[in-house]
Amino acid sequence: MIICLICSIIIGFFLALYVVVKRIKDTNDAGDSTADIKEFGQGSLQMLAAEDSRLR
Amino acid sequence: MTIKCPNCGGAITYDPASADFMCDLCGSIFLAKDIIPPSDSSEKTGDMAGKPSSGQSDEDIIEYSEDTEIETMDYNVYLCTSCGAELLINESETATFCAYCGQPTIVFDRISKHRKPKYIMPFSVSKNQAVSIIKNYIKKGDFIPDEFKKFNPDVIRGIYVPFWLYDIYYHDCQYFEGIVKTNDSTQHYTFLRDAKINFKHITIDASKKLENFSSRRLEPYNMSYLQPFEPHYLAGFYADCSDENMTTLDMLATGRAAGMFNRKVKESIHAENLVIKNTSPVCKITNKEYALLPVWFMVIRHDGLNYTIMVNGQSGKLVGGMPISKEKVKTKIAYWTVIFSILIFLAFSIVLAAFGIDSEILYELLMYIIPLVIMTCGALYDKTAKNWKSYNISKQLSSEVGMDDYVSDRQGDLK
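Residues numbered from 1 in each chain as written. Chains lettered and ligands numbered in written order. Predicted model: local features only at pLDDT ≥ 70, side-chain atom pairs only at ≥ 80, totals over all residues. Heavy atoms only, no water.

### Re the overall build of chain B
To be explicit about the condition: We count a stretch as a helix when DSSP gives it H or I for four or more residues in a row; a strand needs E for two or more, and each element gets its number in order from the N terminus. Accessible area is worked out with a 1.4 Å probe on protein chains only. A residue is then buried under 20% of its type maximum, exposed over 50%, and partly exposed in between. The contact criterion used throughout is that any non-hydrogen atoms of two residues lie within 4.5 Å. Residue burial considers only the protein chains on display, and all accessible areas are found by Shrake-Rupley using a 1.4 Å probe.
On a plain count of helices and strands, chain B comes out with 8 helices and 15 strands. Across the 415 residues that make up chain B, the buried fraction comes to 47%. Look at the contacts in chain B between residues 6 or more apart in sequence, and 76% of them connect residues 24 or more apart. About 20600 Å² of surface is accessible on chain B, with carbon and sulfur atoms providing 54% of the total.

### Concerning the pattern of salt bridges
All names here are of chain B. Here is the rule: The term salt bridge refers to a pairing of a side-chain nitrogen on Lys or Arg with a carboxyl oxygen on Asp or Glu at a separation within 4 Å.
Counted under the stated rule, the structure contains 9 salt bridges over all chains. Across the salt bridge formed by Asp 250 and Lys 288, the nearest N and O atoms sit 2.9 Å from each other. Linking Asp 250 in helix α5 (residues 246-267) with Lys 288 in strand β13 (residues 282-302), this pair joins segments that are 38 residues apart in sequence. Taking relative accessible area as the criterion, Lys 288 reaches 11% and is therefore assigned buried. A salt bridge links Lys 386 to Asp 382; the nearest nitrogen and oxygen atoms lie 3.6 Å apart. Remark: Asp 382 and Lys 386 occur in helix α7 (residues 359-398); sequence separation between them is 4 residues, near one turn of the helix.

### Concerning the interface of chain B and chain A
Applied cut-off: Summed over both partners, buried area is the accessible surface (1.4 Å probe) that two parts give up on being assembled. Any pair of N or O atoms that falls within 3.5 Å is considered a polar contact. Within protein, one atom must be able to donate a hydrogen and the other to accept it, and sequence-neighbouring residues count only if both atoms are side-chain atoms. Gly falls in the polar group here, along with every residue not listed as nonpolar (Ala, Val, Leu, Ile, Met, Phe, Trp, Tyr, Cys, Pro) or charged (Asp, Glu, Lys, Arg). Strand pairing follows a simple DSSP-based rule, namely that at least 2 bridges must link the two strands.
Residue-level contacts link 73 residues of chain B with 51 residues of chain A. Together, the buried faces of chain B and chain A total about 5800 Å²; carbon and sulfur atoms form 70% of this surface. It is B:Phe345, B:Leu380 and B:Asn387 in chain B that bury the most area against chain A; as a group they hold 9% of the surface buried on that side. Remark: the boundary between chain B and chain A carries 8 residue pairs in polar contact (both at pLDDT 80 or more). Examining the composition of the side of chain B that touches chain A, we find that 17 residues originate from one element, strand β9 (residues 186-205) of chain B, more than from any other. In terms of residue class, the side of chain B that touches chain A is built from 37 nonpolar, 19 polar and 17 charged. As paired strands, strand β1 (residues 29-30) of chain A and strand β15 (residues 318-321) of chain B are joined by 2 bridges and run antiparallel to one another. Directly across from A:Ala30, in β15(B), lies its bridge partner B:Gly320.

### Notes on the nonpolar core
Residue and element names in this part refer to chain B. The line we're drawing: Nine residue types can take part in a nonpolar core, namely buried Ala, Val, Leu, Ile, Met, Phe, Trp, Tyr and Cys, and a core is a set of them joined through side-chain atoms within 4.5 Å.
Counting 60 residues, the largest nonpolar core has Ile 134, Tyr 160, Tyr 166, Phe 199 and Ile 202 as the members making the most contacts within it. Among the secondary structure elements, those contributing two or more residues to this core are β1 (12-15), β2 (20-23), α2 (127-140), β8 (157-181), β9, α5, β13 and β14 (305-312). The residues contacting Tyr 166, other than those within four sequence positions of it, are Phe 199, Lys 200, His 201, Ile 202, Ile 204, Met 246, Leu 249, Asp 250, Ala 253, Ile 285, Asn 287 and Lys 288. Core analysis: the next-biggest nonpolar cluster, separate from the first, contains 19 residues, Ile 159, Leu 165, Val 295 and Val 319 among them.

### Details of helix α6 (residues 326-355) of chain B
Applied cut-off: One less than the residue count of a helix, multiplied by 1.5 Å, gives the span that helix is expected to have.
Taking 1.5 Å as the rise per residue, α6(B) with 30 residues should run 44 Å; its terminal C-alpha atoms sit 43 Å apart, in good agreement. Every buried residue belonging to α6(B) is among B:Val329, B:Ile333, B:Thr337, B:Phe340, B:Ser341, B:Ile344 and B:Leu352, and all of these are buried. Buried residues in α6(B) make contact with α1 (2-28) of chain A together with α7 of chain B. Directly beyond the C-terminal end of α6(B), a positive phi value near 65° is found at B:Gly356.

### Some details on the sheet that holds β2(B)
Residues and elements named next belong to chain B. With respect to topology, 3 strands assemble into an open sheet ordered β1-β2-β3, the strand pairing being antiparallel. Sheet topology places β1 and β3 (29-30) at the edges, where each strand pairs with a single neighbour. Here β2 pairs with β3 via 2 bridges, running antiparallel. Considered in β3, the bridge of Phe 21 is made with Phe 30.

### Some words on α5(B)
All names here are of chain B. When the terminal C-alpha atoms of α5 are compared, their 32 Å separation across 22 residues agrees well with the 32 Å that a helix rising 1.5 Å per residue should span. If you check which residues of α5 are buried, you get Leu 249, Ala 253, Arg 256, Ala 257, Ala 258, Met 260, Phe 261 and Val 265. For α5, the N-terminal cap is Asn 245; the gap from its side-chain oxygen to the backbone nitrogen of Thr 247 is 3.1 Å.

### Things to note about the packing of α1(A) against α6(B)
For clarity, the threshold we go by: Only C-alpha atoms enter the line fits that serve as axes; for helices the fit covers just the stretch in contact. Angles between N-to-C directions range over 0 to 180 degrees. Each angle receives one of four descriptions, namely roughly parallel if under 35 degrees, roughly antiparallel if over 145, roughly perpendicular if within 65 to 115, and oblique otherwise. Left-handed describes a crossing whose near helix is turned anticlockwise from the far helix by less than a right angle; the clockwise case is right-handed.
The geometry of α1(A) relative to α6(B) is characterised by a closest axis approach of 7 Å and an angle of 135° between their N-to-C directions. Put simply, α1(A) runs oblique to α6(B). The handedness of the crossing between α1(A) and α6(B) comes out as right-handed. Its residues assigned to classes, the contact of α1(A) with α6(B) comprises 20 nonpolar, 4 polar and 1 charged.

### Observations concerning the confidence of the model for chain A
Heads up, the condition is: For every residue, the predictor reports its confidence as pLDDT, a number between 0 and 100.
Per-residue confidence for chain A gives a mean pLDDT of 81; residues scoring 70 or more make up 79%. Element-level pLDDT for chain A is lowest in helix α2 (residues 37-40) of chain A, with a mean of 70, against a maximum mean of 88 in α1(A).

### Section: the pairing of β15(B)
On a regular strand, one side chain projects to one face of the sheet and the next to the other, so that they alternate. All names here are of chain B. Burial of the side chains of β15 extends over both faces: Leu 318 and Gly 320 are buried on one face and Val 319 and Gly 321 on the other. For β14 and β15, the ladder comprises 2 bridges, and the chain directions are antiparallel. Looking at β15, one finds that Met 310 is bridged to Val 319.

### Overview of the packing of aromatic side chains
Centre-to-centre distance and the angle between the planes together describe a pair of aromatic rings. Residues and elements named next belong to chain B. What counts, and what does not: Here is the rule: rings of Phe, Tyr and Trp (six-membered ring for Trp) pair when centre to centre is within 6.5 Å. Planes less than 30 degrees apart are stacked, more than 60 are edge-to-face, and the remainder are tilted. For a lysine, the NZ atom is tested; for an arginine, the CZ atom; a charge sits over a ring if that atom is within 6 Å of the ring centre and within 35 degrees of the ring normal.
Under the definition given, this model contains 13 aromatic pairs over all chains. Taking the centre distance of 4.7 Å and the plane angle of 45° together, the rings of Tyr 170 and Phe 261 count as tilted. In this pair, Tyr 170 is assigned in strand β8 and Phe 261 in helix α5, connecting sequence segments 91 residues apart. According to the relative accessible area criterion, Tyr 170 is buried, its value standing at 5%. Here Phe 261 falls in the buried class, since its relative accessible area comes to 0%. Between Trp 336 and Phe 340, the aromatic rings sit 5.4 Å apart at their centres with planes inclined by 25°, giving stacked as the arrangement. A residue pair is termed a helical-turn pair when its members lie 3 or 4 positions apart in one helix, as Trp 336 and Phe 340 do in helix α6 at 4 residues. Given the relative accessible area of 27%, Trp 336 is considered partly exposed. Overall, the relative accessible area of 16% leaves Phe 340 in the buried class. One Lys or Arg, Lys 332, reaches over the ring of Tyr 335 and ends 5.9 Å from the middle of that ring.

Have a look at this one:
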């Protein structure tokens, strides 16, 4: 039982740390995304040729 | 650049809420068409010289060259003696503190000629809207210190930040090697991808004052809101000057185009351990235009540091890392540790009872349990560290650390 208790406390602590830091990131860090190709790509990527070949 | 009210002679400023001009003294409202004289320029918003069509080869793409005379205009330049920022302000405005570092150490420096922007994106988000966006965000923040929440909304300033809008033609034929795993086999593949793209209006900020990483977070801007530049739009706002050299800006723009192109090409390949073996990129800047884009800046001082919170003046997107209260964080970690420990312990007890595992068997299982616990904690720690790193980058960009780097870079090492 002591083993279970120690394991529970260790996992519980790391889980609590994860939850709190995730919450900090979600609520204290505004606008962490940047624009992607869709914002600047006129008609987006135009594939001229695509080939997949297996190596022997 | 001051526009006088025909009714009372007061100064007229641009009002983002109504997209019209308003007299601060008598409250008269004037339509933009009555204030701004019709432009004789035949160019329309978003025109792109040398714009490649989809059927053209790389050789047909006309590379941008600046052969026309650069138009300039006069600004009053104010200098912040604290952080070294230069702000361009039209003569109807009085600067009382620096919009970047919040210090009341701003002095009139000179009247200076600067390159006239080709386009301007007028503010769509009003001052009150920007303040509400910041207030609402701060209100939701669990760990934001209470003192931080009591900020003075009067210190918010609208700044037109200089940007270069790049149109870039990018073509590359790439060879990759990678591993494709199926249910019963692992096979090595080569992949060929020949693709091209015409990027339009990649925004690169031309102010050394603003970190590139911060300005990218302000994106996207809706380019359909761009207007041909008229100095009247500056009424009531600050404008920053372009102080980054063009070679650096060109490199940033082409580097960004290459990054987005490569990411998109890789997304089209479903393989692991993808390694690029050969590449032959053709990258041409087909056009670039100088434009002023709107940003609201709010500097909040907390615990000896200045935090600069920004709001995209067109979309209302908020950018900035807020400080955390260490006491609140410690309390929450302790609280959740107790809750999770009890729940996990109960779950352990139920499993042990259900499978009839006694202490002796549990001791034998220890060699499996310990690695399992270590792996679980390791995975949680890894995710936590990534989130913490991301938050810290935002906080550093917003706080004075980034500002100090700027001061050292611009004014020599003052520390």
